[in-house]
Amino acid sequence: MNPIAGQIPYRMFRAWGRPEILPLNYTISLTTRCNYRCVTCRIYKSNLPEMALEDYQKLFTSLGRSPYWVTFSGGEPFLRDDLEDIVDLCCRICRPRLINIPTNGSLPQKTAGMARELAGRNPKVDFIVNVSLDSTGEEQDFLRGSKGAWNNAVSTIEALKYNQPANLLIGIGTVISKNNLADFAERRSVLAKLGAVSMVAEVAEKRAELLNSDLDITPSPEDYREIAGLLVGEIDSDRKRGWAGIAQSFRRQYYQYAYQVLKGQDGLPCFAGFASVQIMPDGAVWGCCIRGDEMGRLSDHGCDFKKLWHSATARQARRRIKSRKCSCPLANASYTNMIFDLRASLGVLWDLIF
């Protein structure tokens, strides 16, 4: 559903539980396999079984045209040889407006080849491939737990630029943790020279999905405040148009919002489990990846998401999410929450216009 058309229905859904409309923002985690050993993440220890291509076909058929924004994540999603087939099915059946694929950049030619093919075959869908870069040079190698991680990521960006379709955007995704605060501004300026049209950063946090609950990784509010100011200035000095410009406006609001959350202030009303949802590789459906509130398993419903979404288990999970009133700086969910918060959405609109 279009976010504008969904303003009233989703607000009613969260407030009263009706109408039980399907989400517009889907994160589909395709695998927990990963060839890197990042200092902020242990998802590779999950070793979850993976849904097959025919399962995804059933899933997308049940979703219909509800997805507006779909993120295909991992692990490292490009380790799945059928990634191209899965995303292609989603495009043909669901016709989302935007597809985002984050990658650690370890497979330059495979990543670029798949992305070009997908964008070429689906010209009405905008694709963003976000290459994860938390730093530069040897520090990037250390943070990603793999020698050559920096060179691989740079090569991936260069490969994506070759014969780049108009609907394929190249992004850089940075996780801000206690491990990369030093010389952040200098390293960020190096990343800017790589030529990505989008540069996004989000706060490292403890997530059920990443199995990192015992890691001390989240920066202090004081440390993050300085970096947030730098990131806002980065946006203001290089304003974009189209999707990149819209994303910038949301990110500008997000950086300020994340600081408020880190300080302990109340967050936005959360629409996880209502307008956004995460589907794990084994078919478990979560409200979000932070708490991991399970709403049911697709295998128990014949991979029919609609049946699961309308189940008693899903309703119980939504009640827990709504009553908890938790707040977090998770970027993906925050963007959705901003859409349905009047003050935040007006802030985005003001930034876009003025």
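Please read these numbers as outputs of a predicted model, since none were measured by experiment.

(A) Fine view of helix α12 (residues 331–339). By the criterion of burial, α12 is predominantly enclosed, with nine of the nine residues buried. Turning to α12, its buried residues are Ala331, Asn332, Ala333, Ser334, Tyr335, Thr336, Asn337, Met338 and Ile339.

(B) Geometry of the pattern of salt bridges. Taken as a whole and assessed by the stated rule, the structure comprises 21 salt bridges. Between aspartate 134 and arginine 144 there is a salt bridge; the shortest N-O distance is 3.1 Å. With a gap of 10 residues between them, aspartate 134 in the loop between β4 (126–132) and α5 (137–144) and arginine 144 in helix α5 connect regions that are remote in the sequence. Accessibility classification places aspartate 134 together with arginine 144 in one group, the buried group.

(C) Inspection of the packing of aromatic side chains at higher detail. As enumerated under the stated definition, the model contains 11 aromatic pairs in all. A centroid spacing of 6.3 Å and a plane angle of 70° characterise the contact between phenylalanine 13 and tryptophan 309, whose relative ring orientation is edge-to-face. In this pair, phenylalanine 13 is assigned in helix α1 (residues 7–16) and tryptophan 309 in helix α10 (residues 305–309), connecting sequence segments 296 residues apart. By relative accessible area, tryptophan 309 is classed as buried at 0%. Considering the side-chain rings of tyrosine 254 and tyrosine 335, the 5.8 Å spacing of their centres and the 70° angle between planes classify their relative orientation as edge-to-face. Here tyrosine 254, found in helix α9 (residues 242–262), pairs with tyrosine 335, found in helix α12; they are 81 residues apart in sequence, far enough to count as distant. Tyrosine 254 gets classed as buried once you look at its relative accessible area, which sits at 0%. The class for tyrosine 335 is buried, based on a relative accessible area of 13%. Its guanidinium or amino end placed over the ring of tyrosine 44, arginine 37 lies 3.9 Å from that ring's centre, counting from NZ or CZ.

(D) Looking closely at helix α7 (residues 184–192). Regarding α7, the residues found buried are Phe184, Arg188 and Leu191. In an axial view of α7, the angular spread of the buried residues amounts to 55°, which keeps them on one side of the axis. On its buried face, α7 sits against α6 (149–161), β5 (168–176), β6 (198–203) and α8 (221–236).

(E) Quick peek at the side chain of aspartate 88. Locating aspartate 88 in the fold gives a position in helix α3 (residues 83–94). Apart from residues no more than four positions distant in its own chain, aspartate 88 is found in contact with Leu118, Arg121 and Asn122.

(F) Structural view of the nonpolar core. Counting 91 residues, the largest nonpolar core has Phe60, Phe72, Tyr255 and Phe305 as its most contacted members. With eight residues, α9 is the single largest residue contributor to this core. Not counting chain neighbours up to four residues away, the residues in contact with phenylalanine 72 comprise Ile28, Leu30, Phe60, Pro77, Ile86, Val87, Cys90, Ile99, Asn100, Ile101 and Pro102.

(G) Representation of the sheet that holds strand β1 (residues 25–29) in the model. If you trace the nine strands from one edge of the open sheet to the other, you get β6-β5-β4-β3-β2-β1-β7-β8-β9, paired in mixed fashion. On the outer flanks of this sheet lie β6 and β9 (294–297), each paired with one strand and no other. Within the sheet, the average angular offset between the axes of one strand and its neighbour, ignoring direction, is 20°. Pairing of strand β7 (residues 276–279) with strand β8 (residues 284–286) involves two bridges; the strand directions are antiparallel. Bridging from a neighbouring strand, isoleucine 279 pairs with valine 285 of β8.

Calculation notes
Residues numbered from 1 in each chain as written. Predicted model: local features only at pLDDT ≥ 70, side-chain atom pairs only at ≥ 80, totals over all residues. Heavy atoms only, no water. Buried < 20%, exposed > 50% of the residue type's maximum accessible area, 1.4 Å probe, protein only. Helix = DSSP H or I, 4+ residues; strand = E, 2+ residues; numbered from the N terminus. Salt bridge = Lys/Arg side-chain N within 4 Å of Asp/Glu carboxyl O. Phe/Tyr/Trp six-rings, centres within 6.5 Å; stacked < 30°, edge-to-face > 60°. Lys NZ or Arg CZ within 6 Å of the ring centre and 35° of its normal. Arc of directions from axis to C-beta. Contact = heavy atoms within 4.5 Å. Core = buried A, V, L, I, M, F, W, Y, C linked by side-chain atoms within 4.5 Å. Pairing = 2+ DSSP bridges. Axes fitted to C-alpha atoms, helices over the stretch in contact; angles between N-to-C directions.

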